[in-house]
Amino acid sequence: MTVLFARLHQSWDGRTRREQRMLVVMALLVAAVAVWLGVVRPLTDWRDRAADDRAAAEARLSDVRTLLARLPAAGGGEAGAPEAQGLEPVLRQTAEAAGLQLVTGMDPSGRIGFRAANAPAAAVFGWLGALDTTHGLQPVSLSIVENADASLQVEGAF
């Protein structure tokens, strides 16, 4: 190691004052570029990605708040949303108005379940759409199977 330093010192002493200054300036420029590429640039890229992630998170938060505002309030309920004990009559009345023969009962998770056999597709989807638009109700589970005669067998829960 000392041999290497001795050679570097001898090489440095063999250069003119002008060459020594140029080598010092070149070393400073190389160090500045290394700091730029190794420290400054990664930090600015990280900051820009963090700003983009924050903007995306704020947009998602806004979407979630919008969706939460549309949900019925817990406890008192929304003016158009039926209470839990009044849910089954609403399901039956809207199903009859849509022309569906609906069987209701308790599903395994403790929610109000429903079943309709041999139901026309237009009536089923019209009923589900009407429940969503007029009462703000959407099924938490839904299974639709097409029968051989193009009618539907529908099961679900609210």
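Above this text you will find the structure in question.
What comes next is a walk through the structure. (Residues numbered from 1 in each chain as written. Predicted model: local features only at pLDDT ≥ 70, side-chain atom pairs only at ≥ 80, totals over all residues. Heavy atoms only, no water.)

Description of the side chain of Asp-107
Alright, step 1. Relative to the helices and strands, Asp-107 is located in the loop between β1 (103-106) and β2 (112-119).
Alright, step 2. Looking at Asp-107, its side chain comes within polar contact range of the side chain of Ser-109, at 3.0 Å.
Alright, step 3. A polar side-chain atom of Asp-107 sits 2.7 Å from the main-chain amide nitrogen of Arg-111.
Alright, step 4. Setting aside residues up to four positions removed in sequence, Asp-107 forms contacts with Gly-113 and Ala-157. (Helix = DSSP H or I, 4+ residues; strand = E, 2+ residues; numbered from the N terminus. Polar contact = N/O pair within 3.5 Å; in protein donor to acceptor, adjacent residues only side chain to side chain. Contact = heavy atoms within 4.5 Å.)

What about the environment of Leu-128?
Alright, step 1. Assignment of secondary structure puts Leu-128 in helix α4 (residues 121-135).
Alright, step 2. Each C-alpha atom of the pair Leu-128 and Ala-95 lies 8.9 Å from the other, and the pair is 33 residues apart in sequence.
Alright, step 3. Excluding its chain neighbours within four sequence positions, the residues that come into contact with Leu-128 are Pro-139, Leu-142 and Phe-158.

Details of the packing of aromatic side chains
Ring pairs (aromatic) are described by centroid distance and by the angle formed between their planes.
Alright, step 1. Tallied over the full model, the rule gives 3 aromatic pairs.
Alright, step 2. On the numbers, 5.2 Å between centres and 80° between planes, the contact of Phe-114 with Trp-127 is edge-to-face. With Phe-114 in strand β2 and Trp-127 in helix α4, this pair connects stretches of sequence that are 13 residues apart. Each member of the pair, Phe-114 as well as Trp-127, carries the same accessibility label: buried.
Alright, step 3. Look at Trp-127 and Phe-158: their rings are 6.2 Å apart centre to centre, the planes differ by 80°, and that puts the pair in the edge-to-face class. Taken together, the residues span a long stretch of sequence, with Trp-127 in helix α4 and Phe-158 in the segment after β4 (152-157) at a distance of 31 residues. Each member of the pair, Trp-127 as well as Phe-158, carries the same accessibility label: buried.
Alright, step 4. These aromatic residues form a ring-pair network of at least three members: Phe-114, Trp-127 and Phe-158. (Phe/Tyr/Trp six-rings, centres within 6.5 Å; stacked < 30°, edge-to-face > 60°. Buried < 20%, exposed > 50% of the residue type's maximum accessible area, 1.4 Å probe, protein only.)

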